[in-house]
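Analysis of the macromolecular model
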Amino acid sequence: MERTIQIQPLDPLMIRDGRPFGNTPGARAHTLGTVTPGVVAGTLRTLMQKNNTAGTFGTTTKDAEREGKPSTVAKVDIRGPLYMLNDRLFLPMPYDLDLYEPGPQEDPASMHVNVRRPIEPAKNTPTHLQGFLGTGKTSLHEDKLWPVSMDTEIRKPLKSAPAYISAEWMIKWLCDKLQPKQWGDAIAEWRSKPEDKVHFIAPFVKEVRTHTAIQAETSTVQDKVLFSTESLVIPPDVSLIASASIGSDVKWEGTISGIHSFGGKRRLAHFREIGDHETRDNIWKCPEAIAQAVAENPRYLRMVLATPAYFSKGWLPGWLDGDLKSTNKLDEKLQLQLCWACLPRWEGISGWSYRHNQPKAVRRMVAAGSVYFFKVISGDPLEFVRRNWLASMSDEDRRKAFFDKQDGYGLATWGVWTPHGHHKGMDKGDIR
């Protein structure tokens, strides 16, 4: 049984990063730029246990700790978070698209759009020469990764770039149907009227609050001990979406509804279930446009992460072997080979363990919006894409403290792509 939950923050959210925060005067508690899946998963499981009308979950927390196993509540798989603007779904901006400021001699209102695509090596090119960025000298897997198309000029990144795009626009992009000119026109229109939010949402604003320490004995202000906290301000028309998969072995009855603390400092949010089946299908089901595009172009697959992912090999998924080919850990009937990946620097994800009453270890994760380009070696990718749309592609962590696949890390959307030079209109960047 799967439940879809809509989360509406009522306060600015504190989603702490892994930097230390002690009682040093002048210290600041920094927050991340988005809500992490671990925060959503932990909150939903806590809320479910409080709202359980079927008694206990069968395995108590103390029994589970004594046996070294997670309690039954931890068996509830969580997917999310995604974002909704009113009733429209939004996804992170993909990193295979570069947005630049105009040059000195260009229109200040314009922008430069560059699409990154791998270049299929010539058949007679030796593997040691095709190389990483065409150099073939310094990087790991240089004889296996394809060269990639790059802008020939050095430009400054666009300052006011969007952070999220609508699902409708993302589906067109995954179907390989958008040109740089369309991107430029749409983003220019959004920048002139950012309050419209037709297809784009700006990064969430961070609110800074200054606090003073309180003496425990007298409940008065402690002199010269100030500190500050950052919080993420979610607009009132934006909410978070997650799903909870409740297995048959979980003894739970009830509804996920009500006001509950969310994130640090016990900031509040309202939780409610979405009962409309059509709305749930529109969120989690693979769009027919994607399925049709994969059926028409089954040679090349593109994976775009919707939430941060944990991979056992750093930026490389653990289900790829030394030749960058997928193993049975991914799928038994389909084999893919990695051609290229577009991703920013790693994200440090941490948290707090209520079971052990201590901070969780900071881990490096691949950021949401990262793009992986695959070539289909064998098998039919259509059924795979349908089955794994917004499914977790994260690896299983060897440490028992982390359950990334069950917490919603590494949710992926899938689409198609065309090698550089094969697609008209994408070979060069465009000014708009």
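Residues numbered from 1 in each chain as written. Predicted model: local features only at pLDDT ≥ 70, side-chain atom pairs only at ≥ 80, totals over all residues. Heavy atoms only, no water.

So, on to the pattern of salt bridges. Counted according to the given criterion, the structure contains 14 salt bridges. A salt bridge links aspartate 407 to arginine 45; its shortest N-O distance comes to 2.9 Å. Of the two residues, aspartate 407 is situated in helix α9 (residues 404-407) and arginine 45 in helix α1 (residues 37-50); the sequence distance between them amounts to 362 residues. The buried category is assigned to aspartate 407, whose relative accessible area is 12%. Accessibility expressed as a relative area gives 13% for arginine 45, which makes it buried. Arginine 117 is the partner of aspartate 176 in a salt bridge, and the nearest nitrogen-oxygen pair spans 3.6 Å. One end of the pair, aspartate 176, is in the loop between α4 (167-174) and α5 (180-192); the other, arginine 117, is in the loop between β6 (112-115) and α3 (127-130), and 59 residues separate them in sequence. A relative accessible area of 2% places arginine 117 in the buried class. Bridged by salt links that share partners, the residues Asp96, Arg117, Asp176 and Arg302 form one connected network. (Salt bridge = Lys/Arg side-chain N within 4 Å of Asp/Glu carboxyl O. Helix = DSSP H or I, 4+ residues; strand = E, 2+ residues; numbered from the N terminus. Buried < 20%, exposed > 50% of the residue type's maximum accessible area, 1.4 Å probe, protein only.)

All right, on to the confidence of the model for the chain then. Interpretation of the predicted coordinates at a detailed level should be avoided for regions scoring low in pLDDT. When pLDDT is averaged along the chain, the result is 84; 86% of the residues meet or exceed 70. Across residues 55-71, confidence stays below pLDDT 50; counting only partners more than four residues off in sequence or on other chains, it has 22 contacts. (pLDDT = per-residue confidence, 0-100. Contact = heavy atoms within 4.5 Å.)

This part covers the layout of surface pockets. Considering only enclosed or pocket space, the second largest pocket measures out at about 1100 Å³ in volume. Along its surface, the second largest pocket is lined by 47 residues, and Tyr95, Ala163, Pro344, Glu347 and Ala368 are the ones closest to its centre. For the lining of the second largest pocket, the secondary structure elements donating two or more residues are β3 (77-85), β4 (88-92), β5 (97-100) and β16 (347-349). Tallied by class, the residues present in the lining of the second largest pocket amount to 33 nonpolar, six polar and eight charged. (1 Å grid on protein atoms, 1.4 Å probe; cavity = no way out; pocket = protein on both sides within 12 Å on 5 of 7 lines; lining within 4 Å. Points joined across faces, edges and corners; volume = space filled by probe spheres on them. Nonpolar A, V, L, I, M, F, W, Y, C, P; charged D, E, K, R; others polar.)

Here we come to the sheet that holds strand β13 (residues 268-273). The strand order across the open sheet formed by eight strands is β8-β7-β4-β3-β11-β1-β13-β12, and the pairing between neighbours is antiparallel. Taken across any chain shown, the strands that pair with only one partner, and hence form the sheet edges, are β8 (200-201) and β12 (258-261). Where β3 meets strand β11 (residues 238-245), seven bridges bridge the pair, whose relative direction is antiparallel. Each bridged residue has a counterpart across the sheet, and for leucine 85 the counterpart in β11 is valine 238. (Pairing = 2+ DSSP bridges.)

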